[in-house]
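Secondary and tertiary structure notes
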Amino acid sequence: MVALRGWPSFPEELPAFTPETASPDPRELFLEWLTEAGEHVLAPHAVTLSTVDAEGAPDARVVILKDVGPGGWAVATSSESPKGLQLRKDPRAALTFFWPGRGRQVRLRGPVSAATPEVSAEDFLARPPASRVEAFIGHQSQVLRDPAELDTAAAEAARWVADNPGVAPETWTRYLVDPDEVEFWQASHDRRHVRLRYRKADGAWVRERLWP
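The paragraphs below set out a description of the structure included in this document.

The rules we used
Residues numbered from 1 in each chain as written. Predicted model: local features only at pLDDT ≥ 70, side-chain atom pairs only at ≥ 80, totals over all residues. Heavy atoms only, no water. Helix = DSSP H or I, 4+ residues; strand = E, 2+ residues; numbered from the N terminus. Buried < 20%, exposed > 50% of the residue type's maximum accessible area, 1.4 Å probe, protein only. Contact = heavy atoms within 4.5 Å. Areas by Shrake-Rupley, 256 points an atom, 1.4 Å probe, with all protein chains shown as cover. Lys, Arg positive; Asp, Glu negative; His and termini not counted. Charge placed at Lys NZ, Arg CZ, Asp CG, Glu CD. Axes fitted to C-alpha atoms, helices over the stretch in contact; angles between N-to-C directions. Parallel < 35°, antiparallel > 145°, perpendicular 65-115°, else oblique. Left-handed = near helix turned anticlockwise from the far one by under 90°. Nonpolar A, V, L, I, M, F, W, Y, C, P; charged D, E, K, R; others polar. 1 Å grid on protein atoms, 1.4 Å probe; cavity = no way out; pocket = protein on both sides within 12 Å on 5 of 7 lines; lining within 4 Å. Points joined across faces, edges and corners; volume = space filled by probe spheres on them. Pairing = 2+ DSSP bridges. Salt bridge = Lys/Arg side-chain N within 4 Å of Asp/Glu carboxyl O. Phe/Tyr/Trp six-rings, centres within 6.5 Å; stacked < 30°, edge-to-face > 60°.

1. Thoughts on the overall build of the chain
Across its full length, the chain holds five helices and 10 strands. When the backbone C-alpha atoms are referred to their principal axes, the chain occupies close to 55 × 50 × 35 Å. For the chain, the residues scored as buried account for 37% of the 212 residues in total. The contacts in the chain between residues at least 6 apart in sequence include a share of 61% that link residues at least 24 apart. For the chain, the exposed area adds up to about 12800 Å²; of that, 54% sits on carbon and sulfur atoms. Counting 25 positive and 31 negative side-chain charges, the chain places the centres of these two groups 6 Å from one another.

Here's what the structure looks like:
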């Protein structure tokens, strides 16, 4: 375990971040950082979605960001998946983006709402064929007792998708996280990391520098 302290965390050269010149809208700054990350790292749109279960225990998994707009940050899943069921019980979530190749992290949290069925269906039909098949297999996170059952279910789902190319599962849902807080974190090799938090107050965004 000694090696844990020896592994480098970030590249030698890190991008600059001047909070004083940041956009007053966190969405604009996020899109700037996302675009910049996309030029340097794989899967910049991968995000950790954190929810809580019925007992209040935290749960987290990596999903893909679908969009950012006036309604918030969008992700999608089946409403019958563990995360969908958790959001139904407690419609609040946190999203965490981490781009170690740029020494950057973005964290946000807030209430979650479901998009309209039409928007959710559009989201599903825009998925690659293999992803649509996977969604129709179902049984997410349930115990798989025989891998052959997965092969059979996948073949059946593939036939269904081929025969019904314009049909989306009724359970497929695009969720919008409308944050109350958004924090931008820029690493610094001297450990004086730069943190800028956007916080909603009376319908407007307040920007605040935070101690490292």
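So that's the structure; there's more coming.
2. Looking at the packing of helix α4 (residues 129-137) against helix α5 (residues 147-163)
Direction vectors running N to C along α4 and α5 enclose 120°, while the axes themselves pass 8 Å from each other. With respect to their mutual orientation, α4 and α5 come out oblique. Our pair here, α4 against α5, has a crossing hand that is right-handed. Taking contact as the criterion, the partners of Arg132, Val133, Phe136 and Ile137 in α4 are, on α5, Leu150, Ala153, Ala154, Ala157, Ala158, Trp160 and Val161. For the contact of α4 with α5, the per-class residue count stands at 10 nonpolar, no polar and one charged.

3. Remarks on the layout of surface pockets
Any space left empty among the atoms is revealed by the rolling of a water-sized probe across them. The volume enclosed by the largest pocket comes to roughly 690 Å³. What lines the largest pocket is a set of 29 residues, and nearest its centre among them are Glu134, Ile137, Gly138, His139 and Gln140. Looking at the lining of the largest pocket, the elements with two or more residues in it are β2 (58-64), β4 (72-78), α2 (82-89), α4 and α5. When the residues that make up the lining of the largest pocket are grouped by side-chain class, the tally is 14 nonpolar, nine polar and six charged. Of the pockets and cavities examined, the second largest pocket occupies roughly 190 Å³. Lining the second largest pocket, in full, are Ala94, Thr96, Arg107, Leu108, Arg109, Glu181, Val182, Glu183, Arg195, Arg197 and Leu210. Going through the elements one at a time, β5 (92-99), β6 (104-114), β8 (181-186) and β9 (194-201) are the ones with two or more residues in the lining of the second largest pocket. For the lining of the second largest pocket, the per-class residue count stands at four nonpolar, one polar and six charged.

4. Some thoughts on the pairing of β8
Within β8, five of the six residues are buried, leaving the element largely enclosed by the surrounding structure. The sheet contact formed by β6 and β8 spans six bridges and is antiparallel. Bridged to leucine 108 within β8 is valine 182. Inspection of the sheet shows β8 paired to β9 by six bridges, in the antiparallel sense. If you follow glutamine 186 over to β9, its bridge partner there is valine 194.

5. Points about the pattern of salt bridges
The final tally for this structure, using the stated rule, is 16 salt bridges. In this structure, a network of salt bridges that share partners links the residues Glu36, Arg102 and Arg104.

6. Some remarks on the packing of aromatic side chains
Taken as a whole, this structure holds 12 aromatic pairs when the rule is applied. Residues phenylalanine 136 and tryptophan 160 carry aromatic rings whose centres are separated by 5.9 Å and whose planes lie at 65° to one another, so their mutual orientation is edge-to-face. In this pair, phenylalanine 136 is assigned in helix α4 and tryptophan 160 in helix α5, connecting sequence segments 24 residues apart. Under the relative-accessibility criterion, phenylalanine 136 is labelled partly exposed at 24%.

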